Amino acid sequence: PQEEAMLLDCKRRKRPVIVILNKIDLLEDKTRLAGMMVGIQNKFDPASIIPISVTEQDGVDLVEQEVLSHAKESPHFFPDEMFTDQPEKVIAAEMVREQLLRMLDDEVPHGIAVMTESMTEREEQDILDISVVIYCERESHKGIVIGKKGAMLKRVASAARTSLEDFFRIRVNLQCWVKVKEDWRNREGLIRSFGLMED
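Keep in mind that this is a model prediction, so the values were computed, not measured. (Residues numbered from 1 in each chain as written. Predicted model: local features only at pLDDT ≥ 70, side-chain atom pairs only at ≥ 80, totals over all residues. Heavy atoms only, no water.)

1. Remarks on the pattern of salt bridges
- Under the criterion given, the structure shown has 4 salt bridges.
- Residue R13 is joined to D9 by a salt bridge in which the shortest nitrogen-to-oxygen separation is 2.9 Å.
- Of the residues examined, R13 reaches a relative accessible area of 47% and is grouped as partly exposed.
- Here D129 ties to R122 by a salt bridge, and the two come within 2.8 Å at their closest N and O atoms.
- Judged by relative accessible area, R122 falls into the partly exposed class, the value being 31%.
- Shared partners join several salt bridges into a network, and the residues in it are D9, R12 and R13. (Salt bridge = Lys/Arg side-chain N within 4 Å of Asp/Glu carboxyl O. Buried < 20%, exposed > 50% of the residue type's maximum accessible area, 1.4 Å probe, protein only.)

2. What about the packing of aromatic side chains?
- Following the criterion strictly, the structure yields 1 aromatic pair and no others.
- Geometrically, the ring pair formed by F167 and F168 is edge-to-face, given 4.9 Å between the ring centres and 85° between the ring planes.
- With relative accessibility at 26%, the residue F167 sits in the partly exposed group.
- Overall, the relative accessible area of 16% leaves F168 in the buried class. (Phe/Tyr/Trp six-rings, centres within 6.5 Å; stacked < 30°, edge-to-face > 60°.)

3. As for the sheet that holds strand β3 (residues 113-121)
- With respect to topology, 3 strands assemble into an open sheet ordered β3-β4-β5, the strand pairing being mixed. Edge positions in the sheet fall to β3 and β5 (171-180), since each of these pairs with one other strand and no more. Taken pair by pair, the neighbouring strands of this sheet meet at an average axis angle of 20°, ignoring direction.
- Bridge count for strand β4 (residues 127-136) against β5 is 10 bridges, and the pairing is parallel. For V133, the partnering residue across the bridge sits in β5 and is W177.
- Relative to β5, helix α5 (residues 139-146) is tilted by about 155°, and along the sheet it contacts β4 and β5.
- Packing of helix α6 (residues 151-168) onto the sheet brings it into contact with β3, β4 and β5, and relative to β5 it is tilted by some 135°. (Pairing = 2+ DSSP bridges. Helix = DSSP H or I, 4+ residues; strand = E, 2+ residues; numbered from the N terminus. Axes fitted to C-alpha atoms, helices over the stretch in contact; angles between N-to-C directions. Contact = heavy atoms within 4.5 Å.)

4. Considerations on the nonpolar core
- Counting 28 residues, the largest nonpolar core has V96, L100, I130, I134, V145 and L174 as its most contacted members.
- Listing elements by their share of this core, those giving two or more residues are α4 (88-104), β3, β4, α6 and β5.
- Of all hydrophobic cores here, the second largest spans 10 residues; its members include L21, I24, L27 and I49. (Core = buried A, V, L, I, M, F, W, Y, C linked by side-chain atoms within 4.5 Å.)

Have a look at this one:
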């Protein structure tokens, strides 16, 4: 079986292996469990074998302890305050797109791109001005995104503004514009400009 091959490969590479046997609460004959553990120990020589029951929360804490005993501290790749490597403009655009996909559901296909055109903090006020353009593939999609008398776009902008304010910890003035770019998903230059393709 695939699991056996994986365990044997770990043994060959001399990697620590923790074998976890779940659902022990369903075993009526506990001697069978002991025999199984001896067989696994003889064949694979794991670092440990831990019988558990997730539903009964029996032995789960032992798994955590065992994993931590083998864990090694990794190098610090990013500063403590940094939790993403994406530019702020990309994050802002994605937050707007997230709300579009949530609120439009299946009304509009995923052929919507959002690009942040500008992002500036006012000098004498704690306000972040963000201007984004929502690109649709069809004119009919544009109408759906805007909604009757602009209602849908207002809902999207309001929800996105709340997310942006929570993220940037500052008041946000969000302006959203909707444009049509037919067949943008098949045009590499546009995809690159939307930040959806790495250089």
